[in-house]
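Descriptive structure summary
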Amino acid sequence: MIKREVLPTLVPGLDLILGGGLTASAVVLLVGTPGAGKTVLASQLLFQMAHNGARGLIVTNASEGTGKLLAHLDSLDFFDEALIGNKIMLLPFSALLSGDSEATEPAIIATIRRLDVQWLMVDGFQGAAGLLGSTNAVRRFLGTLANISSYLNVTCLVTMEGHGRDPQIAAELTVVDTVLGLEYGVEGWDHMRRIEVIKNRGSSHLHGLHTYAIDAQGFTIFPRLESLPRPLVQAQARGQAGFGLPELDALIAGGLTTGTATVLAGAPGTGKTTLALHWALAGARPEQPTILVSFGEDAEQLQRKAKTFGLDLDAASATGSVVVLHVTASDFTPDIVTASVLAALTTSGQRVVVDGVGVLVQVLGARARTHLTALAIHLASRRATSLYTLEIEPFVGFRLDTRYSPIQPIADNLLVMQYTLALGTLHYMLAVLKTRFSPYDPTLRELLLRPTGIKVLAPQETAPGVFESIAESGGGISPGNRRTV
Amino acid sequence: MAIILLVDDEHDILELLELIVEECGHQALSARNGEVAMELARQYAPSLVLTDLMMPVMDGYELVAALQADPALRATPTVVMTAGSITPERRITLEGVQSVITKPFMIADIEALLGGLEKEA
């Protein structure tokens, strides 16, 4: 048996989910709901191959027409009119018919031979059913492509409306080499696009549904992080990634252990983002930039907030020491966000801040724990140190149970910030609940949020009545302590 | 113009071979199994037999044996095509054939085969 060549598709993310690429001379069925982008994906493949010197043939069904197809593709960057009629030929499906449905197969074979094409795209194959006259004729046509593609050295892309897991098209799926299922629908109030490699003969493709986006450049696929092969996390020399706040760093043996993940949980307004900004800037260098993902405040708002506390995020952004990835909390796709974070890691040992991880957890839903586990592994493999801020209920003490929580995989270290009321004044407090690979000081510390930055007070500097107030409200400093109200 | 006998149970492969044969200026005769092929061979005395090995009713090995056993057809050049491997025991039964082509075949190889035949014809 001759092992067939694997062809890289040049579509971002597609080769990864296919397990390398498309097999040369394969018959690839792209099946999906209307508007899913089947034609865009097939055309993108064809045009890219034509740019690299291959010759292609597009056969469209009568209802779409070649003119309509070209008008549709004209808005996409990969479309190149100069290739039409030169490297890419177009033909209506009806041109292959001669009244005798059994003559269609010889006609397509002869056309492929005559035009000497290496790529064939049959667009809107569901429309061919009417032209071919019967379901059997449709299956026979696909069967013919499957039988002769390796002899003619032609890779066939067939787009078809439907659902890739519909038992009614099982016969069609059997004869082809590769099946890509595309879903386009509404989830809640948002549109979602997902692609699944249902079948790819002879490859170890990535299982599950993968998010994709379509823009002027065409398709970009964001492989499901949980499906990606787990990178090797090598034993590493550990250092400390400090906040640049001597009193706080002293509590955690000089800083957060490098390569670990930290949850900085806190009530609203306790200064989580400000503290995270301190940490982000403390380790930021142009040659090793900190990645800052913000689910709430945009870059300008963050800069303003930083300035309030004497932090120059503006300058750090301008020099490339900090890269801000702003995500609109009301409309985002988790896989795109995490892919962007990983793509922004350009060197080993960078710091990553995710401000407002609760939003990500909420949108991920049942996937949250596995997705965050995968993210933590990928970050650790790049020796990145990460910090996630998490909003918790105010005035409930410092208890935070992560054992069965989705955030457990990112909680190597756990810091909690909370309010307490003493003698008619609100006080901001910080407790270190857990650190990994290093010791920590378990004493509660009061924080002062001042224009010069955050100040962590020594225990003896804590305002009168604060510790008593915490004790009275039942706020324990360690997990499993008294229930707080 | 030579008469080429094509034998394969796969309809699409037969169609492709017919097309190549016709493009090379020869006449194609097609059979879906060895039994039909023998009938056509006796009737038309082809210049070349191009046959698959794995087929129902009468396979390619039996067809080769039948051609060898027929004094009128014994000298007919025969080329076999196969997608699988041939065991040494079975290879002995193919000693009379001109060559063995692996499937999926290269169209250029078939054209070269037919081109050579054209010179002889």
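Residues numbered from 1 in each chain as written. Chains lettered and ligands numbered in written order. Predicted model: local features only at pLDDT ≥ 70, side-chain atom pairs only at ≥ 80, totals over all residues. Heavy atoms only, no water.

1. A word on empty space enclosed by the protein
In this approach the atoms are scanned with a rolling probe the size of a water molecule, which exposes any empty space left behind. All names here are of chain A. Inclusion rule: Using a grid of 1 Å spacing that covers the protein atoms alone, one calls a set of points a cavity when a 1.4 Å probe fits there but cannot get out, and a pocket when the set is open and has protein on both sides within 12 Å along at least five of seven lines; lining residues are those with an atom within 4 Å of a point. Grid points are joined across faces, edges and corners, and a volume is the space filled by probe spheres set on the points. By the criteria applied, helices consist of DSSP H or I runs no shorter than four residues and strands consist of E runs no shorter than two, each listed in order from the N terminus. The classification used treats Ala, Val, Leu, Ile, Met, Phe, Trp, Tyr, Cys and Pro as nonpolar, Asp, Glu, Lys and Arg as charged, and all other residues, Gly among them, as polar.
In the structure shown here, the tally under the stated rule is 3 cavities of 30 Å³ or more. The space that makes up the largest cavity amounts to roughly 60 Å³. For the largest cavity, the full set of lining residues is Val31, Gly162, His163, Gly164, Arg165, Gly181, Leu182, Glu183, Glu196, Ile198 and Leu209. Among the secondary structure elements, those contributing two or more residues to the lining of the largest cavity are strand 8 (178–187) and strand 9 (190–200). No other element matches the 3 residues that strand 8 contributes to the lining of the largest cavity. For the lining of the largest cavity, the class distribution of residues is 4 nonpolar, 4 polar and 3 charged. In this structure, the second largest cavity spans a volume of roughly 50 Å³.

2. Let's talk about unusual backbone geometry
We count it as follows: Residue exposure (1.4 Å probe, protein chains only): buried if accessible area is under 20% of the type maximum, exposed if over 50%, otherwise partly exposed.
The omega torsion of the bond from B:Lys103 to B:Pro104 falls at -5 degrees, within 30 degrees of zero and hence cis. Secondary-structure assignment places B:Pro104 in the loop between strand 5 (99–102) and helix 5 (107–120). Even without a glycine there, the phi angle at A:Ala253 is positive, about 55 degrees. With respect to the element layout, A:Ala253 can be found in the loop between helix 8 (246–251) and strand 13 (256–257). Of note in this structure, B:Ala45 is not a glycine but carries a positive phi near 45 degrees. Here B:Ala45 falls in the exposed class, since its relative accessible area comes to 53%.

3. Looking at the domain arrangement of chain A
Applicable threshold: Domain boundaries shown here were taken from an automatic or database domain assignment.
Each assigned domain of chain A is listed with its residue range as follows: domain 1 (6–223) and domain 2 (240–473). Computed from C-alpha atoms alone, the centre-to-centre distance between domain 1 of chain A and domain 2 of chain A is 47 Å.

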